[in-house]
Amino acid sequence: MIPNIVECHQVTKRYGQKIALDRLELAIPAGRITGILGPNGCGKSTLFRTLTGMVRPDEGRVEVLGKTPGWRTNQSIAYLPDRARWYPNHTARQALEWGNSFLPGFSMERAIQLADEMEIDLDMRVGGMSKGQEARIMLILCLARDVDLVVLDEPFTGIDVMSREAIVASLIDFLEESEQSILISTHDIQEVEGLFDYTVMLKEGRAIWSGNSEDLRAEYGSLRNVFRKLYAKEWND
Ligand SMILES: Nc1ncnc2c1ncn2[C@@H]1O[C@H](COP(=O)(O)OP(=O)(O)OP(=O)(O)O)[C@@H](O)[C@H]1O
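The rules we used
Residues numbered from 1 in each chain as written. Predicted model: local features only at pLDDT ≥ 70, side-chain atom pairs only at ≥ 80, totals over all residues. Core = buried A, V, L, I, M, F, W, Y, C linked by C-beta atoms within 7 Å. Buried ≥ 20, exposed ≤ 12 C-beta atoms within 10 Å, placed from the backbone. Helix = DSSP H or I, 4+ residues; strand = E, 2+ residues; numbered from the N terminus. Contact = placed C-beta atoms within 7 Å. Near = placed C-beta within 6 Å. Nonpolar A, V, L, I, M, F, W, Y, C, P; charged D, E, K, R; others polar. pLDDT = per-residue confidence, 0-100. Pairing = 2+ DSSP bridges. Axes fitted to C-alpha atoms, helices over the stretch in contact; angles between N-to-C directions. Expected span 1.5 Å × (residues − 1).

Student: Can you walk me through the nonpolar core in this structure?
Tutor: Soluble globular proteins: nonpolar side chains tend toward being buried together. Counting residues in hydrophobic clusters, the biggest one holds 57 residues, and the most contacted among them are Ala115, Ile140, Cys142, Leu149, Val150 and Val151. Counting residues per element, this core draws most heavily on helix H5 (residues 131–143), which supplies seven residues. Contact partners of isoleucine 140, with chain neighbours within four places excluded, come to Leu96, Ala111, Leu114, Ala115 and Met118.

Student: Could you clarify how one ought to interpret the site of the ligand in this entry?
Tutor: Around the ligand, the structure places 13 residues, and the nearest of them are Tyr15, Ala20, Asn40, Ser45 and Thr46. The set of elements that each furnish at least two residues to the shell around the ligand consists of strand S2 (18–29) and helix H1 (44–51). Among the elements that take part in the shell around the ligand, H1 stands out by supplying three residues, more than any other. In the shell around the ligand, the residues fall into three nonpolar, seven polar and three charged.

Student: Could you clarify how one ought to interpret the confidence of the model for the protein in this entry?
Tutor: Interpretation of this model should avoid reading the predicted coordinates in detail wherever pLDDT is low. Scored by pLDDT, the protein comes out at a mean of 89, with 95% of its residues at no less than 70. Two numbers describe this predicted complex: its pTM, 0.91, and its ipTM, 0.96.

Student: Just checking my understanding: could you explain the environment of isoleucine 77 for this structure?
Tutor: Positionally, isoleucine 77 belongs in strand S5 (residues 77–80). Along the sequence, isoleucine 77 and serine 178 sit 101 residues apart, while their C-alpha atoms lie 15 Å from each other. Excluding its chain neighbours within four sequence positions, the residues that come into contact with isoleucine 77 are Thr52, Val147, Leu149 and Val151.

Student: When you look at the sheet that holds strand S1 (residues 4–15) in this model, what are you seeing that I'm missing?
Tutor: The strands that make up a sheet pair up through hydrogen bonds in the backbone, lying either parallel or antiparallel. Overall, antiparallel pairing links the three strands, which are arranged S2-S1-S4 in an open sheet. Only two strands of the sheet have a single partner each, and these edge strands are S2 and strand S4 (59–64). Averaged over all pairs of adjacent strands, the angle between their axes in this sheet comes to 20°, without regard to strand direction. Along the sheet, H1 contacts S1, S2 and S4; its crossing angle with S1, the most-contacted strand, is approximately 115°.

Student: Help me understand unusual backbone geometry in this model?
Tutor: Apart from glycine, the bulk of residues carry a negative phi angle, and the bulk of peptide bonds sit in the trans form. Unlike most non-glycine residues, glutamine 10 shows phi in positive territory, near 55°. Considering the arrangement of structural elements, one finds glutamine 10 in strand S1. Not every positive phi belongs to a glycine, and arginine 83 is a case in point at roughly 55°. Among the secondary structure elements, arginine 83 is positioned in the loop between S5 and helix H3 (92–102).

Student: Sorry if this is basic, but what is going on with the environment of alanine 207 here?
Tutor: When you line up the elements, alanine 207 lands in strand S9 (residues 206–212). The exposure class assigned to alanine 207 is buried, which follows from the 21 C-beta atoms found within 10 Å. For the pair alanine 207 and glycine 43, spaced 164 residues apart in sequence, the C-alpha separation works out to 9.8 Å.

Student: How should I be thinking about H5 in this particular structure?
Tutor: Along an α-helix, residues three or four positions apart point the same way, because every turn accommodates 3.6 residues. In this model, H5 (13 residues) spans 18 Å end to end at C-alpha, consistent with the 18 Å of a helix rising 1.5 Å per residue. Among all positions in H5, only Glu134, Ala135, Arg136, Ile137, Leu139, Ile140, Leu141, Cys142 and Leu143 are buried. Along its buried surface, H5 packs onto S5, H3, helix H4 (108–117) and strand S6 (149–153).

Student: Where do I start with the sheet that holds strand S8 (residues 198–203) in this structure?
Tutor: Read from one edge of the open sheet, six strands run S5-S6-S7-S3-S8-S9, paired in mixed fashion. The strands lining the two open edges of the sheet, one partner per strand, are S5 and S9. Each strand axis lies, on average, 15° off the axis of its neighbour in the sheet, ignoring direction. Two strands pair when backbone bridges link them, and S5 and S6 are joined in this way by four bridges, in the parallel orientation. Among the inter-strand pairings, isoleucine 77 is bridged to a residue of S6, identified as leucine 149. Of the strands in this sheet, strand S3 (33–37), S6, strand S7 (181–186) and S8 touch H1, which is tilted by about 150° from S6. Along the sheet, H5 contacts S5 and S6; its crossing angle with S5, the most-contacted strand, is approximately 170°.

Pasting the structure below:
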């Protein structure tokens, strides 16, 4: 296994005058569940888009799975973009069958098991589902794949806190037995705190803290304190 699943060296990405990533230096160890945390607009989605080759940095070097991002590395990445939606006319089962036909490493058996754990009615049309139910379908399409890297951009948006806790619990069980590396972005970390064993804190396109989650807690105490200290300007308590 390569030591770092992601490496960024002096990565800058601008959208016009706006700097989304600002000379970002980052190394994310392989085989971990990493939380990419930070407030709205700090560059989480842009970072993920550079990992899938959808966005090319203006400056600097990105490596994912030891290589420059592109179609080859994308075969080994399951990516859930932010605001992902599914075809409303498909049933949940059709969505999973689509995944089984087209997504490398997809396991229909695993997908059905996840759907059962997440209480998805496979015969229901996606168009008739709540936002949270649809979010679960999108999550299953990623988690049912046996790939080296799973990248989930705000996967819990729209899923209520009770369901989120159940999903996180089943994710932890599953990931403990898996050798996959998982990156999950969120700006709402309180509900998913126990999920991450490695944490990256982004602010204004830079990594201002990265390391083992337990070291983060040892240094700052509660997550409330982390936010208060690292994001003083953004934190309104
Ligand atoms: N396509 C784009 N065109 C112009 N500006 C963009 C574009 N995409 C992102 N930005 C800007 O770049 C910055 C970083 O955005 P990005 O979406 O990466 O942050 P984020 O941390 O994922 O935010 P959120 O939590 O709100 O999803 C923001 O200021 C955003 O407005």
